[in-house]
Every structure is written in C-alpha cells, then in structure tokens.
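These are the residues of each chain, in order.
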Amino acid sequence: MDNLLVVRLSEVTPLVFTDLQGLVLDGAQSLVKEHGLTEQDLLRRFTTTIDDALSLGLTSTHDACFRPASLVFFERLASCMRC
C-alpha cells in the first residue's frame, strides 16, 4: 500500500500512550467510499461534536480533514446564527 509508515515506540520516547507498542499509519482512509451527507447529517455531527467538546471543557476545535463542502456548511451555519 502507498503511504505506509510503521513506527515502533521502542525507537522513540512515548509521550502519552505508555502501553502502546507501535503505530501503523497508512492511506487506508482513501479506500473507504463516502456517501453524500445531507444537511441534517452534517448538523447532527456538528452538534454532537460541540456538545461532547463542551462537556469535556473544550472551547475550541478544528477539522483535521478539511473539505470545501465543510466550509460551505460552516458558512451557512454562521449565517443562520447571525439571524
């Protein structure tokens, strides 16, 4: 598989995951076919994420996998919140 990286933690200093022995990072996500999400799906995911973050005391988040459709959704959401 392209873009495969194996890291053995015995070769690096583990910072957080003391029981973790290694990581395998790959491009497998690109093999998963996505279906189109509805506006309702996006809103449900967004509100679930925000509710979970706030319940843990987090006041800031970011989208690690930015897609142009996400920007359109967030712009629409921001516009609705100004009303």
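The structure displayed is predicted, hence computed values, not measured ones.

Bringing the overall build of the protein into the picture now. Helices and strands together make up the secondary structure of the protein, namely 2 helices and 2 strands. Written out in order from the N terminus, the α and β elements of the protein read β-β-α-α. In the protein, which comprises 83 residues, the proportion classed as buried is 7%. Intrachain contacts of the protein at a sequence separation of at least 6 include 41% that bridge at least 24 residues.

The interhelical angle for the contact between helix α1 (residues 39–55) and helix α2 (residues 68–81), taken along N-to-C directions, is 75°, at an axis separation of 11 Å. Put simply, α1 runs roughly perpendicular to α2. Every residue of α2 that contacts α1 at E39, L42, L43 and F46 is listed here: F73, F74, R76 and L77.

This model, assessed by the stated rule, comprises 3 aromatic pairs. With a centroid separation of 5.8 Å and 65° between ring planes, the pair formed by F46 and F74 is classed as edge-to-face. You can see F46 sitting in helix α1 and its partner F74 sitting in helix α2, a full 28 residues away along the chain.

So, about α1. For α1, spanning 17 residues, the distance from its first C-alpha to its last is 24 Å, which sits close to the expected 24 Å at 1.5 Å a residue. G57 lies just past α1 and shows a positive phi near 85°.

To continue, consider α2. Along its 14 residues, α2 runs 20 Å from first to last C-alpha, staying within 8% of the 20 Å computed at 1.5 Å per residue. In this structure, the buried residues of α2 make contact with α1.

Calculation notes
- Residues numbered from 1 in each chain as written.
- Predicted model: local features only at pLDDT ≥ 70, side-chain atom pairs only at ≥ 80, totals over all residues.
- Heavy atoms only, no water.
- Helix = DSSP H or I, 4+ residues; strand = E, 2+ residues; numbered from the N terminus.
- Buried < 20%, exposed > 50% of the residue type's maximum accessible area, 1.4 Å probe, protein only.
- Contact = heavy atoms within 4.5 Å.
- Axes fitted to C-alpha atoms, helices over the stretch in contact; angles between N-to-C directions.
- Parallel < 35°, antiparallel > 145°, perpendicular 65-115°, else oblique.
- Phe/Tyr/Trp six-rings, centres within 6.5 Å; stacked < 30°, edge-to-face > 60°.
- Expected span 1.5 Å × (residues − 1).

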